[in-house]
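# Overview (structure and organization)
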Amino acid sequence: MKEPVGVCIDCGEIVYCEGGHLAGIILEDHTLRCSDCHHARKELNKEAQ
Ligand SMILES: [Zn+2]
């Protein structure tokens, strides 16, 4: 069962909750980011260090 939770603030894709697991993260200001953008961001941060 896939339920749309909201829209990713980075790419605009719909973020789903599937079987109780959110396919992304909720940020501190209660906006959503999909797992793809979240992982892409982590890699960018790694490269920056
Ligand atoms: Zn995204």
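Placed above this text is the structure.
## Some points on the environment of E13
Take E13: it is sitting in the loop between β1 (2-7) and β2 (14-18). When the 15 C-beta atoms within 10 Å are taken as the criterion, E13 is described as partly exposed. Sequence separation of E13 and C34 is 21 residues, and the distance between their C-alpha atoms is 7.5 Å. Those residues in contact with E13 that sit more than four places away from it in its chain are C8 and C34.

## Regarding the pairing of β2
Looking at chain direction, β1 and β2 are connected through five bridges and run antiparallel. Bridging across to β2, K2 finds its partner in E18. Here β1 folds back onto β2, and the loop between the two strands holds six residues, one of which, G12, carries a positive phi near 80°. Pairing of β2 with strand β3 (residues 21-22) involves two bridges; the strand directions are antiparallel. Bridge assignment links C17 to a residue of β3, and that residue is L22.

Rules and cut-offs
The residue numbering used here restarts from 1 in each chain and proceeds along that chain's sequence as written. Per-residue local features of the predicted model are confined to residues with pLDDT of at least 70, and side-chain atom pairs are confined, for both listing and counting, to 80 or more; whole-chain, interface and lining totals are unaffected and use all residues. A run of H or I in DSSP counts as a helix once it spans at least four residues, and a run of E counts as a strand once it spans at least two, with each numbered from the N terminus. Residue burial is a threshold on neighbouring C-beta atoms within 10 Å of the residue's own C-beta, all placed from the backbone, with 20 or more meaning buried, 12 or fewer meaning exposed, and counts in between meaning partly exposed. Residue pairs are scored as contacts if the distance between their C-beta atoms, which are placed from the backbone, is within 7 Å. Pairing between strands is defined by DSSP: at least two bridges between the two strands are required.

Keep in mind these values describe shape, not function.
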